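Residue-level listing of the chains:
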Amino acid sequence: MERMIIFCVLFFCASMVLPAAPQKAMKYRQLVKTIEQLEAVVKDKDVELLHTPENPVDECLFTAVTCFQNGILKLQPKTSQINSTFIKTVNILKKPILKDSGKQCESSCESYTKKLPKEFLKSFAKLMKKVI
């Protein structure tokens, strides 16, 4: 009887842990799609260049994502006709994506090279794919 109860408890715990991982991966995949949608509507000429983290080490992932989120706020839509879509997309990407690991990262946003908005977004999508 005790073995049966222990088995049921272990089975229940395992069934609760497994769905969490695919759900997070699905969230990140959706964020990649959102970033790719933003690429199509972002202004890429006569704009401010943005600090673009590339290939950050694992302990700097949180800092890199934060840099991208700060850069997203500086983007501009191509035309005023797509402004509402642009604002909705930016609002999705402003929400917290990763939890702070607590590890210290030696690099700051300003230490990364500046790139055009479309290159910035491609690097952001690449980073999110790495996180998945």
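Notes on the structure follow. (Residues numbered from 1 in each chain as written. Predicted model: local features only at pLDDT ≥ 70, side-chain atom pairs only at ≥ 80, totals over all residues. Heavy atoms only, no water.)

Nonpolar side chains tend to gather and get buried jointly when the protein is soluble and globular. Core analysis: the largest hydrophobic core is formed by 25 residues, its most contacted members being Leu38, Ile72, Leu75, Ile97, Leu121, Phe124 and Met128. Those elements that place two or more of their residues in this core are helix 2 (20–41), helix 3 (61–72), helix 4 (83–94) and helix 5 (117–131). Excluding anything up to four places from it in sequence, Leu121 contacts Ile35, Leu38, Glu39, Val42, Ile72 and Leu75. (Core = buried A, V, L, I, M, F, W, Y, C linked by side-chain atoms within 4.5 Å. Buried < 20%, exposed > 50% of the residue type's maximum accessible area, 1.4 Å probe, protein only. Helix = DSSP H or I, 4+ residues; strand = E, 2+ residues; numbered from the N terminus. Contact = heavy atoms within 4.5 Å.)

Okay, the packing of aromatic side chains next. Here the structure, examined in full by the defined rule, presents two aromatic pairs. Ring centres 5.0 Å apart and planes at 55° place the aromatic pair Phe68 and Phe120 in the tilted group. Of this pair, Phe68 sits in helix 3 while Phe120 is found in helix 5, placing the two residues 52 residues apart along the sequence. Since its relative accessible area comes to 0%, Phe120 is described here as buried. A ring pair is formed by Phe68 and Phe124, whose centres lie 4.7 Å apart and whose planes are at 5°; its orientation type is stacked. One end of the pair, Phe68, is in helix 3; the other, Phe124, is in helix 5, with 56 residues separating them in the sequence. Joined through ring pairs, the aromatic side chains of Phe68, Phe120 and Phe124 make up one cluster. (Phe/Tyr/Trp six-rings, centres within 6.5 Å; stacked < 30°, edge-to-face > 60°.)

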